[in-house]
Amino acid sequence: MTSPTNSVPRVDVHCHYLPDFYRQALIEAGHSEPDGIPFIPQWSEEAALAAMDELGTATAHLSISSPGVHFGDDRAARRLARRVNEEGARLARAHPGRFEFFASTPLPDVDGALEEIVYAFDELGAAGVVLETNFHGTYLGDAALEPVLAELDRRAAVVFLHPTSPSAVCGGGTRGPLPYPRPMVEFLFETTRSVTDLVLSGALDRHSRLRVIVPHAGAALAVLASRIDLIGGKMTGTTKPMHTALRKLHFDLAGFPLPEQLPALLSVADPDRIHYGSDWPFTPLPEVKNAAAALDSTPLLAGDLHSRVMHDNAYRLMKSDA
């Protein structure tokens, strides 16, 4: 179960599942090209296990990707959240130690989200919760979401952030919206925007027991941290709010963190809070394998840091209660 370049079993904190009923729900809601991607990737239980074996992944933490489960109707979103969470729990039961899952919620329906959090953690055994970077334009530092963050903080929950499309149209004029898939650039800006809002709104300080995983090597946060501290620090009356937060946040390495992002991330983050992520199947398996091989061979993860990033850090995060 190990790849040729890696003798350490990986723990994947950024891996998605798309059961058939969820694929159908996406299509019926008009998301057959989610976030501008020209197709919904293929997924099956068997293919997921086969991909994990090729990558040397011991455990994958499954989550529903963007656009989530809320397509405009609260009641339908509650039903779909419950269904995907029960499927995640089934996968975890069917393959002990191979699959865990991060629960979806029907946000921006706060009452529905609170109900689903209780069910997912207390009845289904969720390893954490996945939150999109915005919910129909409501960002995570918004006061409307305070009850949800408070409940997750009470549980010292693992919170996996995942980018989604911005609520405002990007571009315009005679060309209309910019014609590029949002994961290419906008997802990174969305992550940067949402985490900045969490920090400058004070939400992370108010809910300090949250264990937040920021995707894609922290997006642009590492390179913008000083700029955010200079301007945002003056606005909030705090000293280096972003640099302080970056030492407390967790990060996954899904996507293509080499050669540019990983050096920047290591300059601001706690290396014991960096984790492997594949982003499969939205990132095709050949590209995932290339990215994993690059991480296995980079001198930036030399010595025991490699095993910590690939396995130990995530194992400790998921097994800890705080």
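Residues numbered from 1 in each chain as written. Predicted model: local features only at pLDDT ≥ 70, side-chain atom pairs only at ≥ 80, totals over all residues. Heavy atoms only, no water.

A.B. asks: Help me out: how do you make sense of the sheet that holds strand β3 (residues 99-103) in this one?
C.D. replies: Pairing within the open sheet is parallel, and its eight strands lie in the order β1-β2-β3-β4-β7-β8-β9-β10. Two strands bound the open sheet, and with one partner strand each, they are β1 (10-16) and β10 (274-275). In the sheet, β3 pairs with strand β4 (residues 128-132) via two bridges, with the strands oriented parallel. From the neighbouring strand, F102 faces β4, where its bridge partner is G128. (Pairing = 2+ DSSP bridges. Helix = DSSP H or I, 4+ residues; strand = E, 2+ residues; numbered from the N terminus.)

A.B. asks: Before we go on, may I ask you to explain the pairing of β3 in this structure?
C.D. replies: Across a regular strand the side chains alternate sides, sitting on one face of the sheet and then on the other. Taking burial as the measure, the five residues of β3 include four buried ones, the bulk of the element. Examined bridge by bridge, strand β2 (residues 57-63) and β3 share three bridges and lie parallel to one another. Counted as the bridge partner of H61 is E100 from β3. (Buried < 20%, exposed > 50% of the residue type's maximum accessible area, 1.4 Å probe, protein only.)

A.B. asks: Explanation requested: the packing of helix α1 (residues 20-28) against helix α3 (residues 74-94) in the structure shown.
C.D. replies: A pair of packed helices is captured by two measures, namely the crossing angle of their axes and the spacing between those axes. Look at α1 against α3: their axes get within 10 Å of each other, and the N-to-C directions meet at 155 degrees. What the angle tells us is that α1 and α3 run roughly antiparallel. Handedness of the crossing formed by α1 with α3: left-handed. Where α1 abuts α3, its residues F21, Y22 and A25 lie against L80, R83, V84 and E87. Grouping the amino acids of the contact of α1 with α3 by side-chain chemistry returns five nonpolar, no polar and two charged. (Axes fitted to C-alpha atoms, helices over the stretch in contact; angles between N-to-C directions. Parallel < 35°, antiparallel > 145°, perpendicular 65-115°, else oblique. Left-handed = near helix turned anticlockwise from the far one by under 90°. Contact = heavy atoms within 4.5 Å. Nonpolar A, V, L, I, M, F, W, Y, C, P; charged D, E, K, R; others polar.)

A.B. asks: Please explain the pattern of salt bridges as it appears in this structure.
C.D. replies: Note on pairing: side chains with opposite charge can pair once their charged atoms come close. Taken as a whole and judged by the stated rule, the model has 16 salt bridges. A salt bridge links E45 to R90; the shortest N-O distance between them is 2.7 Å. Of the two residues, E45 sits in helix α2 (residues 45-55) while R90 sits in helix α3, which places them 45 residues apart along the sequence. Accessibility expressed as a relative area gives 30% for R90, which makes it partly exposed. (Salt bridge = Lys/Arg side-chain N within 4 Å of Asp/Glu carboxyl O.)

A.B. asks: I keep staring at the packing of aromatic side chains and nothing clicks. Help me out?
C.D. replies: The description of an aromatic ring pair uses the distance of the two centres, along with the angle that the planes make with each other. Inspection of the entire model under this criterion finds two aromatic pairs. Taking 6.4 Å as the distance between ring centres and 65 degrees as the angle between the ring planes, the aromatic pair formed by Y17 and W43 counts as edge-to-face. Here the residue Y17 occupies a position in the loop between β1 and α1, and W43 occupies one in the loop between α1 and α2, the gap between them amounting to 26 residues. Y17 gets classed as buried once you look at its relative accessible area, which sits at 0%. (Phe/Tyr/Trp six-rings, centres within 6.5 Å; stacked < 30°, edge-to-face > 60°.)

A.B. asks: Sorry, what's going on with helix α4 (residues 110-122) here?
C.D. replies: Since the α-helix advances by 3.6 residues per turn, residues separated by three or four positions end up pointing in the same direction. Its 13 residues place the ends of α4 18 Å apart at the C-alpha level, agreeing with the 18 Å of an ideal helix rising 1.5 Å per residue. Of the residues making up α4, those classed as buried are V110, G112, A113, E116, I117, A120 and F121. The buried residues of α4 occupy an angular sector of 145 degrees when the element is viewed end-on, so they sit on one face. The elements touched by buried residues of α4 are α3, β3, β4 and α5 (146-154). Its side-chain oxygen 3.5 Å from the backbone nitrogen of D111, D109 forms the N-cap of α4. (Expected span 1.5 Å × (residues − 1). Arc of directions from axis to C-beta. Polar contact = N/O pair within 3.5 Å; in protein donor to acceptor, adjacent residues only side chain to side chain.)

A.B. asks: Could you clarify how one ought to interpret the packing of α4 against α5 in this entry?
C.D. replies: Running from N to C, α4 and α5 cross one another at 15 degrees; their axes reach a closest spacing of 9 Å. For the element pair α4 / α5, the angle class is roughly parallel. The two elements α4 and α5 meet at a crossing, and its hand is right-handed. On α5, the residues touching V110, A113, L114, I117, V118 and F121 of α4 are P147, V148, E151 and L152. Along the lines of polarity and charge, the residues of the contact of α4 with α5 split into nine nonpolar, no polar and one charged.

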